[in-house]
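Listed here are the chains, written in short residue letters.
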Amino acid sequence: LHKETRYEKFLQQHVDASMTVEKCDEEMKKKWIYNVDNSCKFTNTFILSNEKQVKDICKRQGSPYDTSLTKSKEKFNIVICQLNNGARKPNCQYNGRLHSNVRVVVQCKGGLPVHYAKHIETIESNNATTGKIPMDSTSVPTNIHV
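Each value, and the rule that gives it
- Note that residues are indexed from 1 along each chain, following the sequence as it is written.
- Thresholds applied to this predicted model are a pLDDT of at least 70 for local features of residues and 80 or more for the giving and counting of side-chain atom pairs; totals over whole chains, interfaces and linings are not thresholded and use all residues.
- Water and hydrogen atoms play no part in the side-chain values, which are based on all heavy atoms of the structure.
- UniProt positions are given in the numbering used here, feature names are shortened, and annotations may be inferred rather than shown by experiment.
- We call a pair of cysteine sulfur atoms a disulfide when they lie within 2.5 Å.
- In this description a helix means any DSSP run of H or I spanning at least four residues, a strand means any run of E spanning at least two, and both kinds are numbered starting from the N terminus.
- For the exposure calls, accessible area comes from a 1.4 Å probe over protein chains only, and a residue counts as buried if that area is under 20% of its type's maximum, exposed if over 50%, partly exposed in between.
- Note on contacts: a residue pair is in contact if any heavy atoms of the two residues lie within 4.5 Å.

Per an unreviewed UniProt entry, the recorded name for the chain is Ribonuclease A-domain domain-containing protein, and the organism is Oreochromis niloticus. As stated in UniProt under Subcellular location (unreviewed entry), the record for the chain gives "Secreted". Word for word, the UniProt comment on the chain under Sequence similarities (unreviewed entry) is "Belongs to the pancreatic ribonuclease family."

Written out as structure tokens, the structure reads:
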């Protein structure tokens, strides 16, 4: 029996050029993306690209990020599927959001991406404010006026 490598699992869970926001429910189920305890995974990101471009992040198209991660030099479009509150198997239902022109941060092992860490908005990202310094996707803006 072939045990899939971490790289194969990464490709299956995070790389899909034809992914759309509408396909979250169906793809999460089809690709068998669950938590280790088999419950619905809370969130999953798909990079709308091909294997070669994503693999290149760990070769020439990436720069060191944090201590052990690699950030893409290229910008990608991604779809983030987020679990609807309270959804349980077998009815894992997701909301999909498209983010365009983001850099993705991955963990590379042996020149291959094996873990998706997060994305970083850039000036060109669809939901970043033009002309502002790009913000890390985990930081909280303080200049929001309600």
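What follows continues from the structure just given.
What about the state of the cysteines?
Tallied over the entire structure, the rule returns 3 disulfides. Two residues, cysteine 58 and cysteine 108, share a disulfide whose sulfurs are 2.0 Å apart. Classification of the bridge connecting cysteine 58 and cysteine 108 rests on its S-S torsion, roughly -85°, and on that basis the disulfide is left-handed. Highlighted residues: cysteine 58 in the loop between α3 (51–56) and β2 (62–65) and cysteine 108 in strand β5 (residues 94–109), separated in sequence by 50 residues. Here the disulfide map of the chain reads 1-4, 2-5, 3-6, the bonded cysteines being numbered as they appear in the sequence.

Describing unusual backbone geometry
Here the phi dihedral of tryptophan 32 falls at roughly 60°; this positive angle occurs in a residue that is not glycine. You can see tryptophan 32 is positioned in the loop between α2 (24–30) and β1 (43–47). By relative accessible area, tryptophan 32 is classed as exposed at 58%. Backbone geometry at asparagine 101 places phi at a positive 55°, although glycine is not the residue there. For asparagine 101, the position within the fold is in strand β5. A residue is classified by how much of its surface remains accessible, and asparagine 101, at 27% relative accessible area, is partly exposed.

Structural notes on the environment of threonine 70
The residue threonine 70 is located in strand β3 (residues 69–72) in this model. Sequence spacing of threonine 70 and valine 104 is 34 residues, and the spatial spacing of their C-alpha atoms is 8.3 Å. Excluding its chain neighbours within four sequence positions, the residues that come into contact with threonine 70 are Ile57, Gly62, Ser63, Tyr65, Val104, Val105, Val106 and Cys108.

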